Every structure is written in structure tokens, then in C-alpha cells.
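Residue-level structure breakdown
Here are the chains, one letter per residue:
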Amino acid sequence: MPPATWLPAADFSTLVKTYGPAVVNIGVVRGLAPRPAMVDGRRGIPRRDQVDERSLGSGFIVSADGYILTNAHVVAQGRDINVRLADRREFKARLVGLDPVADVALLKIEATGLPVVAIGDPERSEVGDWVVAIGAPYGFSQSATAGIISAQGRVLPGAEYMPFLQTDVPINPGNSGGPLFNLRGQVIGINSRIYSNSGGYQGLSFAIPIDVAMRIKQQLQAGSSVTRGRIGVAVQEVSQALAHSFRLDRPAGALISYVESGGAADRAGLRPGDVILEVGTREVRQSADALIFVAELRPGEIVPMAVWRDRQRVTMEVPIDRFETPSQPALTAPPDLAMPLGMVVRSLLPQELQVLRVEAGLLVQRVNAVASRAGMEVGDVILAVNGQPVGTLAALAEAVAEADGSAALLVQRRGARVFVALELPGAVTRM
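Summary of the structure given here.

Reading the values: rules and limits
- Note that residues are indexed from 1 along each chain, following the sequence as it is written.
- Confidence filtering applies because this is a predicted model: local features only for residues at pLDDT of at least 70, side-chain atom pairs given and counted only at 80 or more, and all residues used for totals across whole chains, interfaces and linings.
- Only heavy atoms go into the side-chain values, all of them from the structure, while hydrogens and water stay out.
- Salt bridges are identified by distance alone: a Lys or Arg side-chain nitrogen within 4 Å of an Asp or Glu carboxyl oxygen.
- Working definition: helices are DSSP H or I runs of at least four residues, strands are E runs of at least two. Numbering for both runs from the N terminus.
- Throughout this description, buried means an accessible area under 20% of the type-specific maximum (1.4 Å probe, protein chains only), exposed means over 50%, and partly exposed covers the range between.
- Residues belong to a common nonpolar core when they are buried Ala, Val, Leu, Ile, Met, Phe, Trp, Tyr or Cys residues joined through side-chain atoms within 4.5 Å.
- Working rule for contacts: check all heavy atoms of both residues, and any pair within 4.5 Å makes them a contact.

Tallying each qualifying case throughout the model produces 16 salt bridges. The salt bridge partner of R282 is E296, with a shortest N-O separation of 2.6 Å. A residue pair is termed long-range when its members are at least 10 positions apart, and R282 in strand β19 (residues 282-283) and E296 in the loop between α6 (287-295) and β20 (302-309) qualify at 14 residues. Under the relative-accessibility criterion, R282 is labelled partly exposed at 37%. Classification of E296 as partly exposed rests on a relative accessible area of 36%. If you follow the salt bridges from partner to partner, you end up with R215, R282 and E296 in one network.

The next subject is the nonpolar core. Counting 31 residues, the largest nonpolar core has F60, L69, F181 and I210 as the members making the most contacts within it. Among the secondary structure elements, those contributing two or more residues to this core are α1 (12-19), β3 (67-70), β7 (104-108), β9 (130-135), β11 (159-167), β13 (186-194), β14 (205-209) and α3 (210-221). Ranked by the residues each element gives to this core, the list is headed by α3, at 6 residues. Counting 29 residues, the second largest nonpolar core, distinct from the first, contains V235, V259, A268 and L270.

Among the secondary structure elements, V418 is positioned in strand β29 (residues 416-423). Distance in space between the C-alpha atoms of V418 and A408 is 9.8 Å, their sequence separation being 10 residues. Dropping the residues within four chain positions of it, V418 is found in contact with L409, L410, V411 and R413.

Structure, rendered in C-alpha cells:
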């Protein structure tokens, strides 16, 4: 056994001093929150007018003339966006564009000579490498936390087009949109989300690879729509049992479970039951690889795909269709609905329907203690109430009105579907 050796110490302090000035705090003002009535100096029944809702996030400067990257969910539907630099200067920011599918947004402030980050290559990172996050958790600006890369190419429910970097870096609300640095001082990711039962950090955090974000930045800065390739299929993992039944030598690839009529896959002759083994020259190890590889291709290309069909390998030429999301967000937010149980929901956007692979649904944006105790969570997608599909606010209001005091909500959550039973004390009211 070789003798133990000391590993070199990680120099976090120099990294933070050098690149911390390029990390910014982002304050967003929205007009979506109900104004609570005051009864004898105490909070009472929410009134139907609104007050400003404020939120905080992080970002980082990618060019000296004021372009800033952050998460789309940090700035989406913002009426006013304010950026505060590390030197305490403050600027009004213009939203250049956002891509809700990748959760990337580009801002612009009117300034020159700004400090900028160095952009790295996530492909050169390895599991076990030290990484550092700088941001504003809970509004505490210029906070640095460190950890290691826990996994690469991690795919999360509802984000099938994104190969996340998984880390154990402590990330909390307010860190969203901030940079993830390697020890060379290069940004390799944008801190985007955590996995948590409490709403706070529990050891799992995820970052968008910076190469993906920079490709989106170029499209947003050019004023064009963000485009991805698509072929019009739904895929699932190949289990050991499925691999055995298909006579595959190992459980790998992407099993096609649905083919969109008239889509690229349909035109190429792909069908449910095919297993995609390769896209071009890239091996498909897990099902999401196929979607990610296709998304990176240019619409209009024709790509060879290795497919397992009828217990043999065949190669098919598949055209790539266009999956496009707008570069500019809507000026106003989708109408929200306040429920007596303490939930605020909105209709899913078209691109969200595609990503979640549902025909209709309502996204839960806020829950109070009552709704939380009943089992509802922020990020849930309500698909049906007492068996009645709900894709619009009007449909939800009608379903709740007919529920006679209680309802079973069919909810999609982290890739699974569950029922949540709710008591309904009153009528649904529009905010």
C-alpha cells in the first residue's frame, strides 16, 4: 500500500478576493402579492388589491460593459430589477432576455470598466474537485461557501434538457443565479436549485454548466430566440428487466415510449419500443442523454442514430426539428389565483408543458402553512381535481366549486404523480 500523502490546501481566500467583485446581488420587484387587510392592528383576510413582492438573487458579470448572467426564475416577471455591485454601487438593470427551459437570463446595466469572471470548461472538471460558490444567501451579500463536485450530468425531474453539476456546496435562497467556481478561479456553472424537504440546504445543490449558459447568452444578446433541437419523442430509462426482455447486453439507452405524430422521429420511422443507443457519435447511457444530445443539435440537421429494434442494432437518419423559446419574456405575468387554502397558482407556459410532458396543468407558486400541512409544495403541478382535468384558472375555479368541501388533487411532483386531499372552506377568488 502506498504511503499517505498530504493534498495541497485549497486557496479559497485568493479566489474570493480576485473574482468576488464580479459577483452581484439582484433585487427584483414584482406586483403579485395580495395585500393583507389589517384588523385591530393584526393581519386579517387578504384584500383583493396587490402590493409589491420583492425577492433577492445573485448573478455575475460576464463582460466589462455590463452584461450579467443569472437564473431566469430570479428575474422572471420582474417589474423592476436592481443590481448591486460588490463595491456597493447600484444600477437599474434591463432584462435582455431569458430562457425558462434552461433557467438562464441575461441582464444589462449601463456601466463600463466592470470586473468580470473568467469562464471555464465544465468538461474538464471531475467528481471530487473543489468548487466555491459566491452569492447572497438570504440577502447576505458576498457570502462564499465551498464543497466538491458530487456528480456530473445529473438530470432532474422537469429539467430533462439540462445535465446539471451536482455539488455539496451549501446553497440557500438568494444564491440562485450566482457563480460556481473551480479552484482556477473559473466559472463552471450557475447555481440554480437544491433538493430539499425544508426549503433550505440539505446537502444537494445543482448548477447549470456554464458552457450551456454561454450558448444561450449568445442567442439572447443577439436578440434571437433560443433554439434547441427536438425530434418529438418521450423516453424512459431502460431497466435491467427491460434490457433482458429486449436482449440488450446491459441496461442503457433511451427507450422511446411515445412518438409525436408528424414529428421528426415519426418522419424518420422511429416508433415506441425502439431504444436509442447513440445520437451521432455520442453514446446514450441514460434516457435523458438522448434529449440533451438532440437539444444541442442545430434544427435542420440530419443525424444518424443507432437504435435497438427487434433485438438488433440498426442505424436511422433522423432530421432535427426546432424547439424554440422566446428571447423576451411577456411584459405581464400570467394571471394568478389565490385559494382559501393558501395556494397561489398560475397556468403553465407552452414551453413548460413541453418540458413536463403534460397537456395542461397549474403550477403552484406559493403555499401557506395550511396548504403545506395538507401536503402541497411549491413547484407542484396540479393536473386534476376530483378527476376533472384543470389547465386554466377558470377550470380550477369550477372544479373547486363543485368539490363540495373537499377535493383530491392529482399532482405531478419531481417526475411522479401523487394525490393530495384538501379541505375547501370557501370559494376560489381571483387576485
